[in-house]
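So the chains spell out like this:
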Amino acid sequence: MDPEPTLLTGWGRAGSSAGRVIDVDIDGLPAAIKELPARGGIARGLGRSYGDPAQNAGGHVVRLAGSAQHIALDDRSGTVTVGGGVRLDDLLNVLVPRGWFVPVTPGTRFVTIGGAIASDIHGKNHHRDGSFGNHVTGMRLMLADGSTAELSPTATHSGDRELFWATIGGMGLTGVIVEATFTLVPIETSRMYVETSRIGELDEIMAAMAASDGDYRYSVAWIDLLARGRQLGRGVLTNGEHAAAEQLSLAEQADPLAYDARQVVSVPPLMPPSGVINRLSVAAFNEVWYRRARSGRHVGIESIPGYFHPLDLVGRWNLVYGRSGFLQYQFVVPF
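Residues numbered from 1 in each chain as written. Predicted model: local features only at pLDDT ≥ 70, side-chain atom pairs only at ≥ 80, totals over all residues. Heavy atoms only, no water.

### Description of the sheet that holds strand β12 (residues 191-199)
Then comes step 1: The four strands are arranged β13-β14-β12-β16 in an open sheet whose pairing can be described as antiparallel. Strands at the two margins of the open sheet, each flanked by one partner only, are β13 (218-223) and β16 (296-303). Shown here is a sheet whose adjacent strand axes are inclined to one another by a mean of 20 degrees, direction ignored.
Then comes step 2: Across eight bridges, β12 lies against strand β14 (residues 235-242) in antiparallel orientation. Note on β14: the bridge partner recorded for R198 is V236.
Then comes step 3: Helix α6 (residues 202-212) contacts β12, β13 and β14 of the sheet and is inclined by roughly 15 degrees relative to β14. (Pairing = 2+ DSSP bridges. Helix = DSSP H or I, 4+ residues; strand = E, 2+ residues; numbered from the N terminus. Axes fitted to C-alpha atoms, helices over the stretch in contact; angles between N-to-C directions. Contact = heavy atoms within 4.5 Å.)

### A closer look at the packing of aromatic side chains
Then comes step 1: Here the structure, examined in full by the defined rule, presents twelve aromatic pairs.
Then comes step 2: Centre to centre, the rings of Y218 and F308 are 4.9 Å apart; their planes meet at 85 degrees, and the pair counts as edge-to-face. Taken together, the residues Y218 in strand β13 and F308 in helix α9 (residues 304-308) connect sequence positions 90 residues apart. Judged on exposure class, the residue Y218 and its partner F308 are both buried.
Then comes step 3: In this arrangement the basic side chain of R198 is found over the ring face of Y290, its NZ or CZ atom lying 4.8 Å from the centre. (Phe/Tyr/Trp six-rings, centres within 6.5 Å; stacked < 30°, edge-to-face > 60°. Buried < 20%, exposed > 50% of the residue type's maximum accessible area, 1.4 Å probe, protein only. Lys NZ or Arg CZ within 6 Å of the ring centre and 35° of its normal.)

### A short note on the sheet that holds strand β9 (residues 148-151)
Then comes step 1: Pairing within the open sheet is antiparallel, and its five strands lie in the order β5-β6-β10-β8-β9. Lying at the two open borders of the sheet, with one neighbouring strand each, are β5 (71-74) and β9. On average, each strand axis in the sheet is tilted by 10 degrees relative to the strand beside it, whichever way the strands run.
Then comes step 2: Two elements, strand β8 (residues 136-142) and β9, share four bridges in a ladder whose sense is antiparallel. If you follow L141 over to β9, its bridge partner there is A149.
Then comes step 3: Where helix α2 (residues 88-95) meets the sheet, it contacts β5, β6 (79-83) and β10 (176-183), and its direction lies at approximately 40 degrees from that of β5.
Then comes step 4: Together, β8, β9 and β10 form the strand contacts of helix α5 (residues 158-167), whose direction differs from that of β9 by roughly 90 degrees.

### Remarks on unusual backbone geometry
Then comes step 1: The phi torsion at R13 lies on the positive side, around 60 degrees, for a residue other than glycine.
Then comes step 2: By the element assignment, R13 lies in the loop between β1 (5-8) and β2 (17-25).
Then comes step 3: Of the residues examined, R13 reaches a relative accessible area of 30% and is grouped as partly exposed.
Then comes step 4: The phi dihedral of D120 is positive, around 45 degrees, even though this residue is not glycine.

### Focus: the environment of V96
Then comes step 1: Residue position: V96 is located in the loop between α2 and β7 (100-101).
Then comes step 2: Considering only alpha carbons, one finds V96 and T189, 93 residues apart in sequence, at a separation of 8.1 Å.
Then comes step 3: Contacts of V96, omitting those with residues within four sequence positions, involve F101, I187, S190, L257, Y259 and I304.

### Observations regarding the environment of A118
Then comes step 1: Relative to the helices and strands, A118 resides in helix α3 (residues 113-118).
Then comes step 2: As a C-alpha pair, A118 and P272 span 154 residues in sequence and 34 Å in three-dimensional space.
Then comes step 3: Those residues in contact with A118 that lie beyond four places of it in its chain are T167, G169, G170, M171, G172 and I177.

### Focus on the side chain of H309
Then comes step 1: Note that H309 resides in the loop between α9 and β17 (314-315).
Then comes step 2: In this structure H309 comes out as buried when scored by relative accessible area, which is 0%.
Then comes step 3: There is a polar contact of 2.8 Å between the side chain of H309 and the side chain of T105. (Polar contact = N/O pair within 3.5 Å; in protein donor to acceptor, adjacent residues only side chain to side chain.)

### Observations regarding the pattern of salt bridges
Then comes step 1: Overall, the coordinates contain 18 salt bridges when judged by the stated rule.
Then comes step 2: For D312, the salt bridge identified is with R48, shortest N-O distance 4.0 Å. Separated by 264 residues along the polypeptide, D312 in the loop between α9 and β17 and R48 in the loop between β3 (41-44) and β4 (60-65) bring together distant segments of the chain. Each member of the pair, D312 together with R48, is buried.
Then comes step 3: A salt bridge links R87 to D90; the nearest nitrogen and oxygen atoms lie 3.2 Å apart.
Then comes step 4: For D90, a relative accessible area of 22% translates into the label partly exposed.
Then comes step 5: A single salt-bridge network, built from bridges that share partners, covers R48, R87, D89, D90, R109 and D312. (Salt bridge = Lys/Arg side-chain N within 4 Å of Asp/Glu carboxyl O.)

### Observations regarding α2
Then comes step 1: Among all positions of α2, only L88, D89, L91, L92 and L95 are buried. Projected down its long axis, α2 carries its buried residues within an arc of 160 degrees, all on one side.
Then comes step 2: Structurally, α2 contributes buried residues whose contacts are with β5, β6, β7, α3 and β10. (Arc of directions from axis to C-beta.)

Structure representation (structure tokens):
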């Protein structure tokens, strides 16, 4: 029986459309794909893209369940093989206590591995390590006829190599990513050594980013575009590396790989229709965030969730934008 249409959006809650959602486990996936109508279907993970991928207005959307526990870590090769529906959050809970970290993480840990590959996610180490697809060594892809293809960037058949790279960043249009293998980053601790610099104007912060990129694996700048005059573009530059054991306090050294990622608070479901985001509230937040960083440069130790996924501390934070939701623009500009 065909499911009733469900209204779907991305995390931005804009650009909604109705699709028929099919929840299926790995065993039932081939039959579900073969039974799709001529319109076809699209795979969907956790729906955390800001825009409107993983939607198929008037069509079918396939969610792969039952693979959340499929995590096979190979400590000798420094690789992991996981199901496409595995959440990054679940994976980190396995990897970090074993002394490993994912090669690339976005600003949230609530994404699936299949979604990470389909979107070819980038992170704070993009300047050094590139995007997620650079670290995938193999994947199993289910095609539109229900058959599977074993793909890798070094496959002997050129068609398999081409399909591999078409799937990296292919937004799910080549098939359903059933399983993937990728390399990992060895870590000594679950903490980050972080250098924070509060900088008063745009040219200076851009120059500081260019000068420090070669020294740090991770780098990100928050920039205030509501400040006026010479302060326009003031910001906070945060560079980081995985902390070594000797950089921790004596108390932290007792359990250097302890990992605790949890949400501290959640936005209530009832919000004003217009949300609470406006020029005044953003300007006030920007002032607090800028002053929160001490003047000049300082270093400290932070947790992995605190450095990489600060917004995950607040559940349902996307609701603060109101019913209209929000759009995020990502683009590249020359120096």
